[in-house]
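Results of the structural survey
As a plain string of letters, each chain reads:
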Amino acid sequence: MPAVLGFEGSANKIGVGVVRDGAVLANPRRTYVTPPGTGFLPGDTARHHRAVILDLLQEALTEAGLTSQDIDCIAYTKGPGMGAPLVSVAVVARTVAQLWNKPLLGVNHCIGHIEMGRLITGATSPTVLYVSGGNTQVIAYSEHRYRIFGETIDIAVGNCLDRFARVLKISNDPSPGYNIEQMAKRGKKLVELPYTVKGMDVSFSGILSFIEDVAQRMLATGECTPEDLCFSLQETVFAMLVEITERAMAHCGSQEALIVGGVGCNLRLQEMMETMCQERGARLFATDERFCIDNGAMIAQAGWEMFRAGHRTPLSDSGITQRFRTDEVEVTWRD
Amino acid sequence: MQAADADAGGPAGGADNSLEGRGQGGCGGLCSAGTEAAVAGAAPRVPRPQHAPGPGGDALSTAGRPETRVHIFALGVPFPSHLEAEIACASLAPDREPHGGIVEKQLTVTDSVLAIRWRAENSRLLRISIINFLDQLSLVIRTMQRFGPPVSR
């Protein structure tokens, strides 16, 4: 019954989680929130993480009711993500692994999301839509790899939403995406935006440029409200995501879809995906904000799978990496 | 701790005519016997040499570009034991420096001292690397203080 400690801090959320045999024993998290109109920079984010990580670690152990000796393995995010924040978390993981003489495991952040999604929802072999501020991929498992069927060719959908929020100076607390979602519910007018699906892939940077431009003009003339723009942006980008997910499901003959990543918290996205799934006779799985949003337990869960399958990360190989493709990892823990 | 000499192929000692002439080596001092590793003050100041102005120019215009000098910085961090120094080294060594190989650093452990030696031609990137390293080092030390001492092997 291995108990795994997981550290996550690749973007502005820092979390430490404990998982044992499919049970999440602890999952505390803190978010670095910047003022409206601004985004989070790597150095400041790393500083935030360094200030709170040790308290979070203590909280996790206390909440789980475990001591360091009860932990069997230390998992941490090896990548992808932002450099300085990743390093800040990795050095703590390496240090406690050595202090407590426990094996270390570097985990792919995207796989952390997938494994937690599978654990929490019980989905067997879904087509996964992974959407967050840093990543946008459609993934399906095949022969020991999480294969990328489609992805953004420029920025992540969450990045598009977050940067649009800055233009309107929407609050980043608790997250810009959440606040856009609330405003979108009050939107009435659909503003036509570019729709950029490219085969299996999507593009968002053009939509962002367009809507930044449109926002200036239309808000000045009163042609639409900020709520209308939030609504229009969501409807457009979410429809694109539904399309590429459906395309992948059709290729794979898949009857299950799973949404993971911070943007997966969005209820409108879930609603649109559900409509598509019902039309295909497929089942949709999604998690709540505890597990959609970056968290330590998801790293612990992926670490748990990897640990049981015999993976280990020697200290000399434990360097973080900002680029880390989902299909680089050999998924030996699945058939 | 030791003051590092400038291994640069250029003139020895202080005759460096770069605008950032202190780049010949800092002495990050770890004077306390405890586990608290603090950098004691700034690098010792090198007296600015006097230059005869070149033809039609003043001292500044004859100065070499700071980026073309090799700068060395050495830091020594004492730990309570050899094992703890090794732990800190193994925690801090794996992550590669950004910007390709412009700034190089090497970590070594001798007895219970972790020694780090930087070498760079770009003084700005060197400074950034040192500051970032000190932040991560501080975190490692706080981790060891709070969750140590190391269990017996």
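That block above? That's the structure.
These lines cover the structure that appears in this document, whether it is placed above or below. (Residues numbered from 1 in each chain as written. Chains lettered and ligands numbered in written order. Predicted model: local features only at pLDDT ≥ 70, side-chain atom pairs only at ≥ 80, totals over all residues. Heavy atoms only, no water.)

**Considering helix α8 (residues 267–280) of chain A**
Residue and element names in this part refer to chain A.
- In this model, α8 (14 residues) spans 20 Å end to end at C-alpha, consistent with the 20 Å of a helix rising 1.5 Å per residue.
- Every buried residue of α8 is listed here: Leu269, Gln270, Met272, Met273, Met276 and Cys277. Considered in projection along α8, the buried side chains sweep an arc of 165° and stay on one side of the axis. Every exposed residue of α8 that faces more than 90 degrees away from the buried side is listed here: Leu267, Gln278 and Glu279.
- Close packing links the buried residues of α8 with β7 (127–131), α7 (226–252), β12 (256–260) and β13 (283–286).
- Measuring from the side-chain oxygen of the N-cap residue of α8 to the backbone nitrogen of arginine 268 gives 2.8 Å; that N-cap residue is asparagine 266.
- Following α8 by one or two positions, glycine 281 has its phi on the positive side, about 70°. (Helix = DSSP H or I, 4+ residues; strand = E, 2+ residues; numbered from the N terminus. Expected span 1.5 Å × (residues − 1). Buried < 20%, exposed > 50% of the residue type's maximum accessible area, 1.4 Å probe, protein only. Arc of directions from axis to C-beta. Contact = heavy atoms within 4.5 Å. Polar contact = N/O pair within 3.5 Å; in protein donor to acceptor, adjacent residues only side chain to side chain.)

**Observations concerning the interface of chain B and chain A**
- At the interface, 21 residues of chain B touch 24 residues of chain A.
- Of the roughly 2000 Å² buried between chain B and chain A on both sides combined, carbon and sulfur atoms contribute 59%.
- Put simply, chain B and chain A have 3 salt bridges between them.
- The salt bridge involving arginine 146 of chain B is made with aspartate 55 of chain A; its shortest N-O contact spans 2.7 Å.
- Across the chain B-chain A interface, the total number found is 13 residue pairs in polar contact (both at pLDDT 80 or more).
- For the side of chain B that touches chain A, the elements supplying multiple residues, two or more each, are α1 (82–92) and α2 (123–147) of chain B.
- The leading source of residues in the side of chain B that touches chain A is α2 of chain B, at 9 residues.
- Here the residues of the side of chain B that touches chain A sort into 11 nonpolar, 4 polar and 6 charged. (Buried area = accessible area lost by both parts, 1.4 Å probe. Salt bridge = Lys/Arg side-chain N within 4 Å of Asp/Glu carboxyl O. Nonpolar A, V, L, I, M, F, W, Y, C, P; charged D, E, K, R; others polar.)

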